[in-house]
Amino acid sequence: MPTPRITELPAEVRSLIEKASGPITGTGTVHAGLNSTIAATVRTDTDALFVKGLPLSHPRVWTQQREADVAPYVRGVAPELRWHVEADGWSLLAFQYVEGGHADFTPGSSDLPAVSAAVAQLAELRAPGVELKEMPHRFRGYVDDLADLTWFEGDSLLHTEWNPHNVLITEAGALFVDWGWASTGAAWIDPALWLLWLMAYGHTAKQAEDVAAAHPAWKLAPPAGLDVFARIQRLWDSIAEQHPDEWAQPMQAAARVWNMHRRHRR
């Protein structure tokens, strides 16, 4: 479920930010996103930051640590992490503030080449030496035959959360934010997940596959593995049931259409 957003920084949060970065000269609330209690732009005399945070009692506070762990390994495809603080009941992450807008995934969007190039750049990264979820483990409850989980094995670092709110388009290209669900697995999984988001935003199955086909890892993706991935309908049904948000139902519909498309091709 979405995490309610606080629009005014609590006093203890302001204090933690000022201890780490100096006196605050201005703030603004970021309304996009679903997973952070605090998401704010913060300016000091010397820096501009994006600060996100969760109470230490929040059930998903572990995602904050996951982002902090991954940050050193994703320089170049993500904004730089300035600091991570856990104190006074809060877990806070401060990133370099980046000017940019959220990606447009609709057909014909001028953002798609930049996103595609950045996804390909991400595919060159190997899994860092930190604890991450593994895609076979994440998918274990959604396959009919556990032997099919072997298709998802790999040592690539995957983002996995391809909501366009997690992709910033800047003058220099695309950057990826919100790494709380970073995982390891086969490199083709990220373009396959992005394919479903493209379909949710209006691409046909063929159009989305044509975009994904530009990804280097897609060329190596085993057709049988893609077929298994397309059949994981229960995953999207479960997400749509648990998250009555505007993005969940289109993703569920996209997954069904792509599965039918793969079956017809077979």
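Above: the structure in question.
Below: a short report on this structure. (Residues numbered from 1 in each chain as written. Predicted model: local features only at pLDDT ≥ 70, side-chain atom pairs only at ≥ 80, totals over all residues. Heavy atoms only, no water.)

The next thing to look at is the pattern of salt bridges. For the coordinates displayed, the defined rule picks out 10 salt bridges. With its nearest N and O atoms 3.9 Å apart, the salt bridge here joins E161 to R138. Here R138 lies in helix α4 (residues 135-138) and E161 lies in the loop between β8 (156-158) and β9 (167-170), a separation of 23 residues in the sequence. Overlapping salt bridges bring together D47, E80 and R82 as one network. (Salt bridge = Lys/Arg side-chain N within 4 Å of Asp/Glu carboxyl O. Helix = DSSP H or I, 4+ residues; strand = E, 2+ residues; numbered from the N terminus.)

Topologically, A87 is positioned in strand β4 (residues 81-87). Residues in contact with A87, not counting those within four places in the same chain, are L16 and L56. (Contact = heavy atoms within 4.5 Å.)

Strand order in the open sheet formed by three strands is β7-β11-β8, and the pairing between neighbours is mixed. Strands at the two margins of the open sheet, each flanked by one partner only, are β7 (133-134) and β8. Where β8 lies against strand β11 (residues 183-185), three bridges are found, and the strand directions are antiparallel. Counted as the bridge partner of L158 is S183 from β11. (Pairing = 2+ DSSP bridges.)

What follows covers the sheet that holds strand β10 (residues 173-176). Overall, antiparallel pairing links the three strands, which are arranged β6-β9-β10 in an open sheet. In this open sheet, the two edge strands, each paired with only one partner strand, are β6 (101-102) and β10. The pairing of β6 with β9 spans two bridges and is antiparallel. Bridging from a neighbouring strand, H102 pairs with L168 of β9. Sheet contacts for helix α3 (residues 112-123): β9 and β10; angle to β10, the most-contacted strand, approximately 55°. (Axes fitted to C-alpha atoms, helices over the stretch in contact; angles between N-to-C directions.)

With that settled, the discussion passes to the packing of aromatic side chains. Inspection of every chain in the model, using the stated rule, returns 11 aromatic pairs. With centroids separated by 4.9 Å and ring planes inclined at 75°, the aromatic side chains of F139 and F152 adopt a geometry described as edge-to-face. Note that F139 is positioned in the loop between α4 and β8 and F152 in the loop between α4 and β8, a separation of 13 residues in sequence. Classification of F139 as buried rests on a relative accessible area of 3%. Here F152 falls in the buried class, since its relative accessible area comes to 0%. On the basis of an interplanar angle of 65° and a centroid distance of 6.0 Å, the ring pair of F229 and W258 is categorised as edge-to-face. Taken as a pair, F229 in helix α7 (residues 223-230) and W258 in helix α9 (residues 248-265) lie far apart in primary sequence, 29 residues in all. Residue F229 is classed as buried on the basis of its relative accessible area of 3%. We classify W258 as buried; its relative accessible area is 1%. (Phe/Tyr/Trp six-rings, centres within 6.5 Å; stacked < 30°, edge-to-face > 60°. Buried < 20%, exposed > 50% of the residue type's maximum accessible area, 1.4 Å probe, protein only.)

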